[in-house]
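# Observations on the three-dimensional arrangement
This is what each chain is made of:
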Amino acid sequence: MMHTRNLFLLLVLPLLSFSLFSQETPQDSEPDVELPELSLSFEDVFGEDLPLVELQLEEALAPGLPELSEPEGILQVRPHSIDLPAPVFDALPYGSDSAPLYGRGYIGLGSSNSLTGEIEIATLGADLGFGLSYSHNSLDGFGGNSPGEGYTFRREEARVKVDYSGTGADAFFSGSFIEEERGLQGESPFSSTLYRTMGAEGGYELPPDRGWYGGPGFDLSGAYQNLSGTSPEDTSHFTLSPVMRGGYAWSSFMLGAEGRYSFRSGSAEDYIQYLRLDLNAEGDLSPRVGFIAEAGAAYIVDGDVRFPFSLLLSAGLSENVSMEASGGYYHSLGDYAALLSSYPFLRIPEEPLAAEEGWEGDLSLRLRLGHDLYLRLGSSLTAGTRYRAGDVPEPASSLLPVVEKDVRELGPRGNLEFPLGKTFFGSFSAGLRYDYEESSMEAFDVGLGVESEGLTSRLGLRLQGDWDLSDNDQTPVLGSEVWYEPLESIRFILGIDDALGLLDTGGRKDDSGLEVPGFVIRFATEISL
């Protein structure tokens, strides 16, 4: 039964936000709030990069309707397979888009010996296009524990992206490297677990203008884990995938094909050879309706042949309503990076991950209800195999094993974004993951956010709360940031992570029973050029 404290907080948080910030909204101006689009792409759902341009439907379907995205902090159903997370350099927070070079630096210090740093450099509108970023985040002694007792966390991340189109074709390369280390808190024969994941992709292709397009490319990914101690253990995996794409584009229709060969090795000297051939099509059925379709054959050497397919329909039902529906049969190799990012205390198996497969679908609806008032509703359905963490830690390491699970899940979700007076904007989200075969609730997350970029001309505020209601013993995860900009390109930030984490006796723990970082207060400076 839910604790009285949790029920009280769930009722009070939304009321408190409305009482503090609700005022009559002016009709002659709108807060400068960017709402990215909620759309389900085949990269998210079916784990394959399609050689097709994105449908340009927004102008024709819903003029004036802002782009929406999956809400932060709400339950995310993990994509089953993306071997290579392509680096993306997000919209720039400061500086002029007309400047030839963009740079950003961030450094912060905080409690629990927290140290955070980021640096990013990118060219703007140039050919050659280039972007490079690096970030560091570390803690030692979180949860009220002393430094050196194994309650440590460290993460390094580097990304690079290069593209050039001066020869009439597009040459591109992107790569990423992540290293993450966590102390095992004296609960394991090992002192810490460290993993590294890397990925790269590149190619040289004719662009999808009218006429023939395509060319060769490659995907490369790897995963490594080290368990340190008196008898350390190492595990490593490597995947290489040469790719050939091509097709023909008309004014409102494209037809193409993609062939892929993947070689994946493991620490146990086992390996997997994976071959896949897909035909794909993309086009506009009408000015308000578009589609993307894919069908092919997939084969693991010495295994069975599968015939995956997918279909996505996107429609603008009116000026204020649009929807997307997608579904199909998926088949792709398991993704080490997605597993390690979802489960912090995971033991990578020595054998290479094989293919996940099954049925999957998604439906999403976007509505503009009024002035700065937007509602998103959706639901996903999965019936197939997924690689996930096991339920019980391994006695030999205290880490969760990777297991292949037969998943039968329904995932409804919703998000409401609304104005709160003249300077604030709020959001409320909810999502659950329900096992319809076992009739059990896997997760039920709610989120509440309040943000203002203009308390004054130089002062801003952000509040965010997330709560997993399926865990009766968990308090909400509340965070906040206040920033001040003495100059246009300089920002001072005071932030608190997990403000209620101190109320959880024994600290916040994940499914392995080991503690994860909780309450941290930090101060940072950000400079942009």
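Remember, it's a predicted structure, so these values are computed and weren't measured experimentally. (Residues numbered from 1 in each chain as written. Predicted model: local features only at pLDDT ≥ 70, side-chain atom pairs only at ≥ 80, totals over all residues. Heavy atoms only, no water.)

### What to know about the packing of aromatic side chains
This model, assessed by the stated rule, comprises nine aromatic pairs. Ring geometry for W250 against F253: centres 5.8 Å apart, planes inclined by 40 degrees, an arrangement best described as tilted. Both rings, one in F253 and one in F291, keep their centres 6.3 Å apart while their planes meet at 35 degrees; by these two values the pair is tilted. With F253 in strand β9 (residues 253–265) and F291 in strand β11 (residues 289–300), this residue pair connects regions lying 38 residues apart in the sequence. What makes F291 buried here is its relative accessible area of 13%. An aromatic cluster is defined as three or more aromatic residues linked by ring pairs; in this entry it consists of W212, Y248, W250, F253 and F291. Over the aromatic face of F345 sits the side chain of R182, whose NZ or CZ is 5.7 Å from the ring centroid. (Phe/Tyr/Trp six-rings, centres within 6.5 Å; stacked < 30°, edge-to-face > 60°. Helix = DSSP H or I, 4+ residues; strand = E, 2+ residues; numbered from the N terminus. Buried < 20%, exposed > 50% of the residue type's maximum accessible area, 1.4 Å probe, protein only. Lys NZ or Arg CZ within 6 Å of the ring centre and 35° of its normal.)

### Observations regarding the pattern of salt bridges
Side-chain pairs of opposite charge can arise whenever the charged atoms involved come near each other. Tallying each qualifying case throughout the model produces 32 salt bridges. With its nearest N and O atoms 3.2 Å apart, the salt bridge here joins R155 to E157. Across the pair R306 and D304 runs a salt bridge, and its minimum N-O distance is 3.9 Å. Residue R306 is classed as partly exposed on the basis of its relative accessible area of 25%. Classification of D304 as exposed rests on a relative accessible area of 53%. When salt bridges that share partners are traced, they join R154, E156, E179, E181 and R196 into one network. (Salt bridge = Lys/Arg side-chain N within 4 Å of Asp/Glu carboxyl O.)

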